[in-house]
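# Coordinates in review
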Amino acid sequence: MKFSVSKETLVKQLQMAVGVVERRQTLPILANVLIRLNEGELTLTGTDLEVEIISRTASEMGSEISGALTVPARKLLDICRSLPDGVDIKFSTNDKGRVVITSGRSRFTLTTLPAEEFPNVEDGAESVEFSLPAKSLKHLIDSTSFAMAHQDVRYYLNGMLWEVSGSKLNGVATDGHRLAISSIELPGDAVSSPVQVILPRKGVVELSRLLVDEGDIKISLGEAHLRVRGSDFHFTSKLVDGAYPDYDRVLPKGGTLVIRGDRDGLRQAFSRAAILSNEKYRGVRLLLSENLLNIVANNPEQEEAQEEVVVSYTGVELEVGFNVNYILDVLNTLGGEEAVFILSDANSSALIQDPADEAGSSYVIMPMRL
């Protein structure tokens, strides 16, 4: 195997593939990245048996000898990063089966493992395929992924629901205390009947990291896997086998108490109040009166923070408690200038929306007893 490639190209490829490689592996080969050169196309593959990322580019110069091998992923990335900018990196194998990396006066020799032993995420039949702009999918993921559960015993919450219904793709995430939902309009009717899949947390995080280009991507859904093809990468993830909760039942309906306020002003006020909230429960009280929102936070040290924010509100006086971190997560995610809170009563969930959001993102936060 022999080829040459620029540092910038190789580092970009490695960063795509290495993100999925776990630092602690039960199988030694899973700490490696698979490098394959075939007919001038250079591919790098990383996997943890659940998620697989393949980055693709063309080898740029020099005599080439096709082949495949695996090398330690993070060592290779550290070596490439440490080299000066603008240099070319040459790869070759020696008679001991090791890979020799040279650039200028630098020379490195790394151990390898056979490419034949490198696992791949199993393929399966794909029942749904559609295309959409990469930036639209990234917006959907970034608008909802913060609400995913983390290491919850209800394993199906440790991921994101993708629901394809007609010409719409819905992304839903919840940890049981809050819920986030966003939608994308698809070109034409993608499916005749609704299809739901659950993408695991790691797959969501890695896919969002890959979606940096402006072009279109192609998405394929199967019974046990999801595949996303971009111009320079192929992403494959196994799906979570489980039934997601009926999120539509959680969405509050018929709320009559509407609070409108400046998003940034609210975000700053909640951030200041959060400083003196209980470090464990993070609760704050919201006291509503005509066109005024009082935010009150207390902690076990008998310290207190109070913030007054002018809002648009004409309903009854109300007091309700929420987790301040959940509110801040939503306010940091909204992109518009205004935030709208909709409530039914002091014991109801809050529905938070951005009137300017074309994706129609909605966020639900359960109340707290304080």
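All of these numbers come straight from a predicted model, not from anything done at the bench. Along each chain, residues carry numbers from 1 onward, in the same order as the chain's sequence is written. Residues qualify for local features only when their pLDDT is at least 70, as the model is predicted, and side-chain atom pairs are given and counted only at 80 or more; totals for whole chains, interfaces and linings, by contrast, use all residues. To obtain the side-chain values, all non-hydrogen atoms of the structure were used and water was disregarded.

Bringing the side chain of Asp48 into the picture now. Along the chain, Asp48 turns up in the loop between β3 (41-47) and β4 (51-58). The buried label goes to any residue with under 20% of its type's maximum accessible area, the exposed label to any with over 50%, and the partly exposed label to all in between, with areas taken from a 1.4 Å probe on protein chains only. On the basis of relative accessible area, Asp48 is assigned to the buried category, the value being 14%. Reaching out from Asp48, the side chain makes a polar contact with the side chain of Lys202 at a distance of 2.9 Å. Should any heavy atoms of two residues lie within 4.5 Å, those residues are considered in contact. Excluding anything up to four places from it in sequence, Asp48 contacts Val20, Glu22 and Lys202. A run of H or I in DSSP counts as a helix once it spans at least four residues, and a run of E counts as a strand once it spans at least two, with each numbered from the N terminus. Counting of polar contacts relies on pairs of N or O atoms within 3.5 Å, with two restrictions inside protein: one atom must be capable of donating a hydrogen and the other of accepting it, and residues adjacent in sequence are counted only when both atoms are side-chain atoms.

All right, on to the packing of aromatic side chains then. Two rings from Phe, Tyr or Trp (for Trp, the six-membered ring) form a pair when their centres sit within 6.5 Å of each other. Planes less than 30 degrees apart are called stacked, planes more than 60 degrees apart edge-to-face, and all others tilted. Overall, the coordinates contain 3 aromatic pairs when judged by the stated rule. Seen in terms of ring centroids, Phe3 and Phe91 are 4.8 Å apart; in terms of plane orientation they differ by 5°. Their pairing is stacked. Of this pair, Phe3 sits in strand β1 (residues 2-6) while Phe91 sits in strand β7 (residues 88-93), and the two are 88 residues apart along the sequence.

This paragraph deals with the environment of Asn291. Mapped onto the fold, Asn291 is located in the loop between β19 (283-289) and β20 (292-298). Considered as a pair, Asn291 and Ser312 are 21 residues apart in the sequence and their alpha carbons are 4.8 Å apart. Excluding residues within four positions of it along the chain, Asn291 makes contact with Val309, Val310, Val311, Ser312, Tyr313 and Thr314.

Attention now moves to the nonpolar core. Core analysis: the largest hydrophobic core is formed by 97 residues, its most contacted members being Ile35, Leu76, Leu137, Trp162 and Phe270. Setting aside chain neighbours within four positions, we find Ile35 in contact with Met1, Phe3, Leu42, Thr43, Leu44, Gly67, Ala68, Leu69, Val71, Leu76 and Phe91. Nonpolar cores are built from buried Ala, Val, Leu, Ile, Met, Phe, Trp, Tyr and Cys residues. Side-chain atoms within 4.5 Å join them into one set. With 15 residues, the next largest nonpolar core counts Leu157, Leu161, Val172 and Ile181 among its residues.

Let us look at the sheet that holds strand β23 (residues 338-343). A strand pair is defined by DSSP finding two or more bridges across the two strands. A sheet is described by the order of its strands in space; here 8 strands give the open sequence β14-β11-β12-β13-β25-β24-β23-β18, paired in antiparallel fashion. At either end of the open sheet lies a strand with only one pairing partner, and these are β14 (195-200) and β18 (257-262). With direction set aside, neighbouring strand axes in the sheet form an average angle of 20°. The sheet contact formed by β18 and β23 spans 6 bridges and is antiparallel. Counterpart to Gly261 in the pairing with β23 is Ala339. As a rule, the C-alpha atoms of each element are fitted with a line to give its axis, helices using only the stretch in contact, and angles between N-to-C directions run from 0 to 180 degrees. On top of the sheet, helix α6 (residues 324-333) reaches β13 (178-185), β23, β24 (350-353) and β25 (362-365); it is set at about 170° to β25, its chief contact.

What follows concerns the confidence of the model for the protein. In this model, the protein carries a mean pLDDT of 93, and residues with pLDDT of at least 70 account for 98%. A residue's pLDDT is the predictor's confidence in that residue, given on a scale from 0 to 100. The secondary-structure element of the protein with the lowest mean pLDDT is strand β5 (residues 61-65), recorded at 68, while helix α5 (residues 263-274) shows the highest, at 98.

At a minimum axis distance of 10 Å, the contact between α5 and α6 shows a crossing angle of 150°. Considered as vectors, α5 and α6 are oriented roughly antiparallel to each other. Between α5 and α6 lies a crossing of left-handed hand. Contact residues: Arg263, Leu266, Arg267, Phe270, Ser271 and Ala274 in α5; Val324, Ile327, Leu328, Leu331 and Asn332 in α6. Class assignment for the residues of the contact of α5 with α6 results in 7 nonpolar, 2 polar and 2 charged. Oblique is the label for any angle not covered by the other classes, which are roughly parallel (under 35 degrees), roughly antiparallel (over 145) and roughly perpendicular (65 to 115). Each crossing is labelled by how the near helix is turned from the far one, with a counterclockwise turn of less than a right angle marking it left-handed and a clockwise turn marking it right-handed. For this classification, Asp, Glu, Lys and Arg are treated as charged, while Ala, Val, Leu, Ile, Met, Phe, Trp, Tyr, Cys and Pro are nonpolar and the rest, including Gly, are polar.

What follows is about the sheet that holds strand β21 (residues 304-310). If you walk across this open sheet you meet the 4 strands as β21-β20-β19-β22, and the pairing is antiparallel. Single-partner strands in this sheet number two, and they are β21 and β22 (318-323). Averaged over neighbouring strand pairs, the angle between their axes works out to 20° when direction is ignored. Sheet topology note: the β19/β22 ladder contains 6 bridges and is antiparallel. For Arg285, the partnering residue across the bridge sits in β22 and is Gly321.

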